[in-house]
Amino acid sequence: EGRGGVWLKAERGEKTKQGYMVLFPDKGPQPQDTKAAHIRLKPGWWKHLREEDVISLEPLSKLKYEPFELPSSDEKMYWFDGKVLANYLVSSANFVHPVSRRPLTRAEVLALDA
């Protein structure tokens, strides 16, 4: 959200420890962190996603809550229904990424549990 409550279009960049870097094309070439006090992501931003949850095959845009982001590698990001992902991991007792099969980090599991 820009100053004065105006929503601005931005391109999402690299993930940081607390959020994402975003680039506002109309505001210059310097990306900003989404956790900065003056930047908020628009509620329901995922309603425009075209992807489906790879476990449930349900459209992510239909979720009533924000999807959980889990990278399969440094290059590819996947979005999941967090409840479905948590159920999948616990029921399979195998804490690996559902697509890439890489082991999940402790930080990723804790973020899912938050």
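The rules behind the values
- All residue numbers here refer to positions counted from 1 along the written sequence of the relevant chain.
- This being a predicted model, a pLDDT of at least 70 is required before a residue's local features are given, and a value of 80 or more before pairs of side-chain atoms are given or counted; all residues contribute to the totals for chains, interfaces and linings.
- Calculated side-chain values reflect all of the structure's heavy atoms, with hydrogen atoms and water omitted.
- In this description a helix means any DSSP run of H or I spanning at least four residues, a strand means any run of E spanning at least two, and both kinds are numbered starting from the N terminus.
- Working definition: with a 1.4 Å probe on protein chains only, accessible area under 20% of the residue-type maximum means buried, over 50% means exposed, and in between means partly exposed.
- We call two residues contacting when some pair of their heavy atoms lies within 4.5 Å.
- Any carboxyl oxygen of Asp or Glu within 4 Å of a side-chain nitrogen of Lys or Arg constitutes a salt bridge here.
- For Phe, Tyr and Trp, where Trp contributes only its six-membered ring, two rings pair if their centres lie within 6.5 Å, and the inter-plane angle classes them as stacked under 30 degrees, edge-to-face over 60, or tilted in between.
- What pLDDT conveys is the predictor's confidence in a given residue, as a value from 0 to 100.

Chemist: I would appreciate a short explanation of the overall build of the chain in the present structure.
Modeler: Secondary structure summary: the chain contains 2 helices and 5 strands in total. Listed by position from the N terminus, the elements making up the chain come as β-β-β-β-β-α-α. Across the 114 residues of the chain, 31% fall into the buried class. For the chain, the proportion of contacts with a sequence separation of at least 24, taken over those separated by at least 6, is 28%.

Chemist: Which parts of the structure should I look at to understand the pattern of salt bridges?
Modeler: Two side chains with opposite charge may pair up if their charged atoms get near one another. Summed over the entire model, instances satisfying the criterion amount to 1 salt bridge. Residue Glu108 pairs with Arg102 through a salt bridge whose shortest N-O separation is 2.6 Å.

Chemist: So what exactly am I meant to see when it comes to the packing of aromatic side chains here?
Modeler: Given two aromatic rings, their pairing is described by the distance between the two centres and the angle made by the two planes. Under the definition given, this model contains 1 aromatic pair. Consider the rings of Tyr78 and Phe80, whose centres lie 6.5 Å apart with planes at 40°: the pair is tilted.

Chemist: Is there a simple way to think about the confidence of the model for the chain in this case?
Modeler: Should the pLDDT be low somewhere, the predicted coordinates at that spot are not to be read in detail. Of the residues in the chain, 61% reach a pLDDT of 70 or more, and the chain-wide mean stands at 78. Averaged pLDDT values over the elements of the chain bottom out at 60 in strand E3 (residues 32–33) and peak at 95 in helix H1 (residues 82–92). Low pLDDT, under 50, characterises residues 1–5; the predicted model gives this stretch 6 contacts beyond four residues in sequence or across chains.

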